[in-house]
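# Summary of structural features
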Amino acid sequence: MIARVRAGEPEAYAQLVRAHTGIALRAAAALGAGADAEDVVQQAFVKAYCSLGRFKDGSAFKPWLLAIVANETRNTVRTAARQRSLAGREAAFVEAEPLIAESADPAVAALEIERRAALQSALEKLSEEHRLVVTYRYLLEMDEPETAQALGWPRGTVKSRLNRALRKLGRLLPDFQPREGGDERG
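It should be emphasised that the depicted structure is a prediction, and the values quoted were computed from it without experimental measurement. (Residues numbered from 1 in each chain as written. Predicted model: local features only at pLDDT ≥ 70, side-chain atom pairs only at ≥ 80, totals over all residues. Heavy atoms only, no water.)

Glancing now at the overall build of the chain. Across its full length, the chain holds nine helices and zero strands. Each helix (α) and strand (β) of the chain, taken in turn from the N terminus, gives the series α-α-α-α-α-α-α-α-α. Across the 186 residues in the chain, those meeting the buried criterion constitute 39%. Considering only intrachain contacts with a sequence separation of at least 6, the fraction spanning at least 24 residues in the chain is 65%. Summed over its atoms, the accessible surface of the chain is roughly 10,600 Å², and 51% of this surface lies on carbon and sulfur atoms. (Helix = DSSP H or I, 4+ residues; strand = E, 2+ residues; numbered from the N terminus. Buried < 20%, exposed > 50% of the residue type's maximum accessible area, 1.4 Å probe, protein only. Contact = heavy atoms within 4.5 Å. Areas by Shrake-Rupley, 256 points an atom, 1.4 Å probe, with all protein chains shown as cover.)

Right, here's the structure in full:
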């Protein structure tokens with residue numbers, strides 16, 4: 001697909017954009033872009049297009065694009081006149097992808113919303129590198145090699161930072177630790 005884009009075929013890039021817009025929006029929202037997520041993603045796609053000459057043949061496009069999305073999100077958050085509130089980030093993340101089925105039991109749905117809010121709050125308390133590795137690995141459901149590529153880290157660094165981040169989350173979220181047998185307390 002990248003070869004087709006480099007050969008000047010505009011529809012090929014349009015296909016890449018369509019295929020990756022959803023995950024890029026979820027990434028921008030999860031990383032704090034809030035209401036600016038669409039602008040961040042649009043800018044990331046423009047930068048990705050302009051940087052295709054530096055894209056390594058044989059590499060996966062998704063992690064490369066998400067690294068650009070993460071950088072754009074960071075730049076947007078840093079230059080914003082006001083800090084994004086936790087509620088705004090949570091709302092943007094919730095809007096990006098339905099998290100609870102409409103048919104769900106209201107009590108179960110309320111508990112799930114509470115858990116997600118607690119998770120988002122705990123993620124805010126992590127260092128940026130720990131928040132990034134957890135977001136990419138679990139919220140964006142990227143595998144370890146994709147996470148390493150997106151973050152530009154060796155796989156061993158991803159493993160160690162993820163391990164430390166999960167331990168910190170465990171201390172911040174003691175009520176949500178899995179019990180023996182796999183079910184959760186709640």
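Three or four residues apart is the spacing at which side chains of an α-helix point the same way, because the helix has 3.6 residues per turn. End to end, helix 9 (residues 155–172) covers 25 Å across 18 residues, agreeing with the expected 26 Å (1.5 Å per residue, within 8%). Among the residues of helix 9, Val158, Arg161, Leu162, Ala165, Leu169 and Gly170 are the ones counted as buried. Contacts made by the buried residues of helix 9 are with helix 6 (106–124), helix 7 (128–139) and helix 8 (144–151). (Expected span 1.5 Å × (residues − 1).)

Glancing now at the packing of aromatic side chains. For the structure on display, the rule yields five aromatic pairs. Taking 6.5 Å as the distance between ring centres and 85° as the angle between the ring planes, the aromatic pair formed by tyrosine 13 and phenylalanine 45 counts as edge-to-face. Here tyrosine 13, found in helix 2 (residues 10–30), pairs with phenylalanine 45, found in helix 3 (residues 37–50); they are 32 residues apart in sequence, far enough to count as distant. An identical accessibility class is assigned to tyrosine 13 and phenylalanine 45; each is buried. A centroid spacing of 5.8 Å and a plane angle of 50° characterise the contact between phenylalanine 61 and tryptophan 64, whose relative ring orientation is tilted. Taken as a pair, phenylalanine 61 and tryptophan 64 lie in helix 4 (residues 61–79) at a separation of three residues, close to a single helical turn. The residues phenylalanine 61 and tryptophan 64 share a single accessibility class, namely buried. The side chain of arginine 137 reaches across the aromatic face of tyrosine 138, ending 5.6 Å from its centre. Residue placement shows arginine 161 over the ring face of tryptophan 153; its charged tip is 4.4 Å from the ring centre. (Phe/Tyr/Trp six-rings, centres within 6.5 Å; stacked < 30°, edge-to-face > 60°. Lys NZ or Arg CZ within 6 Å of the ring centre and 35° of its normal.)

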